[in-house]
Amino acid sequence: MAPKKPSCLRSLLLPLSLTLLLPQADTRSFLVDRDHDRFLLDGAPFRYVSGSLHYFRVPRVLWTDRLLKMRWSGLNAIQFYVPWNYHEPQPGVYNFNGSRDLIAFLNEAALANLLVILRPGPYICAEWEMGGLPSWLLQKPEIHLRTSDPDFLAAVDSWFKVLLPKIYPWLYHNGGNIISIQVENEYGSYRACDFSYMRHLAGLFRALLGEKILLFTTDGPEGLKCGSLQGLYTTVDFGPADNMTKIFTLLRKYEPHGPLVNSEYYTGWLDYWGQNHSTRSVSAVTKGLENMLKLGASVNMYMFHGGTNFGYWNGADKKGRFLPITTSYDYDAPISEAGDPTPKLFALRDVISKFQEVPLGPLPPPSPKMMLGPLTLHLVGHLLAFLDLLCPRGPIHSILPMTFEAVKQDHGFMLYRTYMTYTIFEPTPFWVPHNGVHDRAYVMVDGVFQGVLERNMRDKLFLTGQLGSKLDILVENMGRLSFGSNSSDFKGLLEPPILGQTILTQWLMFPLKIDNLVKWWFPLQLPKWPYPQAPSGPTFYSKTFPILGSVGDTFLYLPGWTKGQVWINGFNLGRYWTKQGPQQTLYVPRFLLFPRGALNKITLLELENVPLQPQVQFLDKPILNSTSTLHRTHINSLSADTLSASEPMELSGH
Ligand SMILES: CCCCNC(=S)N1C[C@H](O)[C@@H](O)[C@@H](O)[C@H]1CO
């Protein structure tokens with residue numbers, strides 16, 4: 001339901017007094033009052049206490065639940081990004097359906113009585129794939145992202161000419177709930193510092209959204225110089241450990257008058273595979289919020305609900321080494337990844353209640369959780385056994401290896417194949433120069449797994465083989481850089497590999513459509529592969545299982561597995577990397593599961609090595625903070641019956 005300008009009929013239906021009270025679309029306003037350092041909403045002093053959640057990290061069926069919990073927490077606004085790559089998968093092809101229905105999400109926010117602070121980018125960072133920019137931009141390898149490069153601006157203009165007219169009716173003064181819109185994202189942290197780019201964006205937003213909407217920028221304190229722009233309201237972001245007074249004083253150099261705004265007050269932090277789980281203490285977070293509210297500042301808490309990087313959508317950072325973001329975006333946020341309120345939520349609500357009314361009435365209870373298993377998965381087959389189905393169009397041939405972007409493969413995996421041109425009797429070094437594996441390569445000779453090469457390591461494998469042996473390299477895109485000064489993060493083999501003294505040429509590239517295979521082919525009961533023993537390397541496992549009672553939210557636990565991808569009933573749940581941690585479980589929203597005995601199917605693509613017993617568990621609690629060393633301790637702490645049960649247990653929904 002798009003916001004309607006109050007019709008004359010409506011004014012007839014409403015008592016005259018109420019009609020006069022109800023702000024008409026032409027009297028609705030959200031303004032900066034520089035005389036009193038505050039916002040004005042419909043002419044009255046207004047301060048927002050907002051929280052970030054990302055519709056693209058929450059399945060649509062759960063949007064209302066999350067929004068109502070945020071409203072109940074005392075928030076009067078929410079803030080969210082719009083990821084360009086989520087809505088324009090190929091140039092000129094748009095998707096605003098299902099969990100991509102941005103307008104439906106705006107409407108849900110309106111129904112929850114929440115105003116909206118919208119951040120459409122074009123770059124959004126957010127630990128999202130390529131910071132929200134579509135990877136097809138890199139089909140022009142020389143493009144200069146986030147600058148006034150004409151190729152980049154042409155794509156940006158084309159995208160915003162589709163997106164911005166969609167949100168125009170939802171602007172507050174047009175009867176909607178969008179009170180302000182951010183231009184770009186922390187542009188001051190990007191080395192380009194291209195003011196003509198920012199001016200172009202500001203001009204485009206004004207042309208398509210009009211003069212009334214408040215446009216703003218957000219930067220860390222060190223980014224204000226390059227990130228702020230005349231005509232755009234300047235805001236900052238910082239966390240509980242930062243010096244609020246010092247940063248707000250610096251902000252006053254850019255906005256001497258008007259409300260102080262922290263657009264990203266960090267309630268937690270992100271997680272990288274292989275690093276410890278990040279947390280922020282309740283006391284520090286609540287103290288910092290109270291200090292800002294005492295100053296009259298408007299604050300957006302980043303994140304209030306983090307959600308999940310389903311599929312291949314996680315981004316990555318580079319801090320010396322390439323650091324992919326985990327599947328869970330729990331962020332140690334006030335609302336957990338599974339949508340449950342945490343002690344941090346109640347503590348923040350208490351702080352907010354000192355400054356403005358918070359809704360009464362009980363908070364919805366935590367969702368029902370369930371345990372199941374262990375389930376023993378059966379071997380479906382080695383990935384190479386399905387190559388025809390995975391790459392129905394057949395391979396692309398090239399003398400040198402081509403990148404994912406060059407063959408228009410956005411996410412996931414690509415197989416690179418060549419043939420040995422002579423017999424190698426002695427183990428011979430095999431590597432990709434200049435750190436050219438982006439990001440992980442699973443190497444096979446005649447289908448036999450040899451090991452892994454990865455972007456951060458300068459390691460080599462040692463291979464032998466016959467003349468004509470197949471040398472297969474499955475390359476995994478672990479998510480494109482979402483932050484940093486150069487986000488042209490090409491994927492695949494960026495250099496031809498070297499075997500001994502030989503630069504390997506004559507390559508076949510197989511872009512793999514794994515999701516289609518899992519969705520359409522695996523429901524068929526494929527024959528069990530006649531392997532004498534479980535092969536190492538990229539291999540599919542699956543299990544069909546009933547849930548006898550009602551279903552609940554649950555957390556898939558894969559003890560002993562190494563690294564791979566999971567699908568539940570064809571839905572790509574995301575990456576697991578049990579060996580690395582800190583995340584050991586994957587959140588499974590209950591709506592993905594069929595109840596009352598209907599058959600569910602779990603499919604795994606294990607990329608390296610399976611446990612002796614290829615079993616998985618569904619737990620009623622997440623494990624997000626257990627690196628592989630700690631992990632074994634955690635396994636021991638699990639109740640004996642949880643691990644020892646031989647058959648799927650009756651559901652304990654609670
Ligand atoms: C290592 C963090 C990389 C920079 N990102 C920072 S500071 N942040 C600011 C950024 O605007 C937001 O999108 C998020 O990315 C947030 C971290 O969660």
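Residues numbered from 1 in each chain as written. Predicted model: local features only at pLDDT ≥ 70, side-chain atom pairs only at ≥ 80, totals over all residues. Heavy atoms only, no water.

Undergrad: Which parts of the structure should I look at to understand the side chain of Ser328?
TA: Structurally, the position occupied by Ser328 is in the loop between strand S13 (321-324) and helix H11 (343-353). A distance of 2.7 Å separates the side chain of Ser328 from the side chain of Glu337, its partner in a polar contact. (Helix = DSSP H or I, 4+ residues; strand = E, 2+ residues; numbered from the N terminus. Polar contact = N/O pair within 3.5 Å; in protein donor to acceptor, adjacent residues only side chain to side chain.)

Undergrad: How do you make sense of the sheet that holds strand S2 (residues 38-41) when you look at a structure like this?
TA: Hydrogen bonding along the main chain pairs the strands of a sheet, whether they run parallel or antiparallel. Reading across from one edge, S1-S2-S3 is the order of the 3 strands in this open sheet, with antiparallel pairing throughout. If you trace the sheet from one side to the other, it starts and ends with strand S1 (30-33) and strand S3 (44-46), each paired once. Neighbour-to-neighbour, the strand axes of the sheet open up by a mean angle of 40 degrees, direction not taken into account. Two elements, S2 and S3, share 3 bridges in a ladder whose sense is antiparallel. (Pairing = 2+ DSSP bridges. Axes fitted to C-alpha atoms, helices over the stretch in contact; angles between N-to-C directions.)

Undergrad: When you look at the site of the ligand in this model, what are you seeing that I'm missing?
TA: Contacts to the ligand come from 18 residues, most closely from Tyr81, Ala126, Glu127, Glu264 and Tyr331. Note that an oxygen atom of the ligand is positioned 2.8 Å from one of the side-chain N or O atoms of Tyr81. In this structure, Tyr331 approaches the ligand through a side-chain N or O atom, which is 2.6 Å from an oxygen atom. Surface burial for the ligand is 93%, taken as the share of its 440 Å² of free accessible area covered by protein chains. If you list the elements that add at least two residues to the shell around the ligand, you get strand S10 (261-266) and strand S12 (316-319). (Near = heavy atom within 4 Å. Areas by Shrake-Rupley, 256 points an atom, 1.4 Å probe, with all protein chains shown as cover.)

Undergrad: What am I meant to see in the packing of helix H10 (residues 282-294) against H11 here?
TA: In the contact formed by H10 and H11, the axes pass within 10 Å of each other and the chain directions differ by 20 degrees. As judged from the angle between their axes, H10 and H11 are roughly parallel. In the packing of H10 onto H11, the handedness of the crossing is right-handed. On H11, the residues touching Val282, Val285, Thr286, Leu289, Glu290 and Leu293 of H10 are Lys344, Ala347, Leu348, Val351 and Ile352. Of the residues in the contact of H10 with H11, the class split is 8 nonpolar, 1 polar and 2 charged. (Parallel < 35°, antiparallel > 145°, perpendicular 65-115°, else oblique. Left-handed = near helix turned anticlockwise from the far one by under 90°. Contact = heavy atoms within 4.5 Å. Nonpolar A, V, L, I, M, F, W, Y, C, P; charged D, E, K, R; others polar.)

Undergrad: Explanation requested: the UniProt feature "active site" (unreviewed entry) in the protein in the structure shown.
TA: Within the UniProt annotation, "active site" (unreviewed entry) is assigned to Glu186 and Glu264. With the annotated positions falling across 79 residues, the maximum pairwise C-alpha distance of 10.7 Å places them together in a single cluster. Here Glu186 shows up in the loop between strand S7 (178-182) and helix H7 (195-209). Sequence-distant contacts of Glu186, defined by excluding residues within four places in its chain, comprise Arg146, Thr218, Asp219, Gly220, Asp237, Tyr266 and Phe483. Relative to the helices and strands, Glu264 resides in strand S10. Owing to a relative accessible area of 4%, Glu264 belongs among the buried residues under this scheme. When residues no more than four places from it in sequence are discounted, the contact partners of Glu264 are Tyr81, Arg119, Asn185, Val236, Asp237, Phe238, Asn300 and Tyr302. (UniProt positions renumbered as here; feature names shortened; annotations may be inferred. Buried < 20%, exposed > 50% of the residue type's maximum accessible area, 1.4 Å probe, protein only.)

Undergrad: Would you mind showing me how to read unusual backbone geometry here?
TA: In terms of backbone geometry, most residues other than glycine have negative phi values and most peptide bonds are trans. Of note, the bond from Gly121 into Pro122 is cis; its omega dihedral lies within 30 degrees of zero at 20 degrees. By the element assignment, Pro122 lies in the loop between strand S6 (115-119) and helix H6 (150-167). In this structure, the amide linkage connecting Gly581 to the following residue, Pro582, adopts the cis form with an omega of 5 degrees. By secondary structure assignment, the location of Pro582 is in the loop between strand S31 (571-576) and strand S32 (585-588). Not every positive phi belongs to a glycine, and Asn569 is a case in point at roughly 50 degrees.

Undergrad: Which parts of the structure should I look at to understand the pattern of salt bridges?
TA: Should the charged atoms of two oppositely charged side chains come close, the side chains can pair. Enumeration according to the criterion identifies 26 salt bridges in this entry. For the salt bridge of Glu405 with Arg480, the shortest nitrogen-to-oxygen distance reads 2.8 Å. Of this pair, Glu405 sits in the loop between strand S16 (396-398) and strand S17 (413-419) while Arg480 sits in the loop between strand S23 (470-476) and strand S24 (492-493), and the two are 75 residues apart along the sequence. Across the salt bridge formed by Glu454 and Arg440, the nearest N and O atoms sit 2.7 Å from each other. In this pair, Glu454 sits in strand S21 (residues 448-454) while Arg440 sits in strand S20 (residues 440-445), placing the two residues 14 residues apart along the sequence. With respect to class, Glu454 is no different from Arg440; both count as buried. Salt bridges sharing partners connect three or more residues here, namely Asp439, Arg455, Asp489 and Lys491. (Salt bridge = Lys/Arg side-chain N within 4 Å of Asp/Glu carboxyl O.)

Undergrad: I keep staring at the nonpolar core and nothing clicks. Help me out?
TA: If you look at soluble globular proteins, the nonpolar side chains tend to sit buried side by side. Core analysis: the biggest nonpolar cluster contains 105 residues, and Ile78, Ile181 and Met301 have the highest contact counts within it. With 9 residues, the top contributor of residues to this core is H6. Dropping the residues within four chain positions of it, Ile78 is found in contact with Ser50, Gly51, Leu53, Leu67, Met70, Phe105, Ala109, Leu114, Leu115, Val116 and Ile117. (Core = buried A, V, L, I, M, F, W, Y, C linked by side-chain atoms within 4.5 Å.)

Undergrad: It is not clear to me how the environment of Gly223 should be interpreted in this structure. Could you clarify?
TA: Tracing the backbone through its elements, the reader meets Gly223 in the loop between strand S8 (214-219) and helix H8 (224-227). Between the alpha carbons of Gly223 and Leu31 there is a distance of 25 Å; along the sequence they are 192 residues apart. The contacts of Gly223, once residues within four sequence positions are left out, are Gly188 and Ser189.

Undergrad: Help me out: how do you make sense of the state of the cysteines in this one?
TA: Here, the word disulfide means a covalent bond between the sulfur atoms of two cysteines. As enumerated under the stated definition, the model contains 1 disulfide in all. Note on cysteine connectivity: Cys193 is disulfide-linked to Cys226, with sulfurs 1.8 Å apart. Sign of the S-S torsion, about -90 degrees for the bond between Cys193 and Cys226, identifies this disulfide as left-handed. Taken together, the positions of Cys193 in the loop between S7 and H7 and Cys226 in helix H8 put the pair 33 residues apart, joining distant regions of the chain. Exposure remark for Cys226: the relative accessible area of 14% places this residue in the buried category. Left unpaired, Cys125 is separated from the closest cysteine sulfur, that of Cys226, by 17 Å. (Disulfide = S-S within 2.5 Å.)

Undergrad: What is the right way to look at the pairing of strand S14 (residues 372-376) in this model?
TA: Along any regular strand, the residues point their side chains to alternate faces of the sheet. Burial analysis of S14 places 4 of its 5 residues in the buried class, which makes it a mostly covered element. Bridging between S14 and strand S34 (residues 615-619) involves 3 bridges; their strand directions are antiparallel. Bridge pairing in S34 places Leu375 opposite Val616.

Undergrad: What should I look at first to understand the pairing of strand S27 (residues 507-511) in this one?
TA: Within S27, 4 of the 5 residues are buried, leaving the element largely enclosed by the surrounding structure. Sheet topology note: the S16/S27 ladder contains 3 bridges and is antiparallel. Bridging across to S27, Ser398 finds its partner in Trp507. Note that S17 and S27 share 4 bridges and pair antiparallel. Bridge assignment links Met414 to a residue of S27, and that residue is Pro511.

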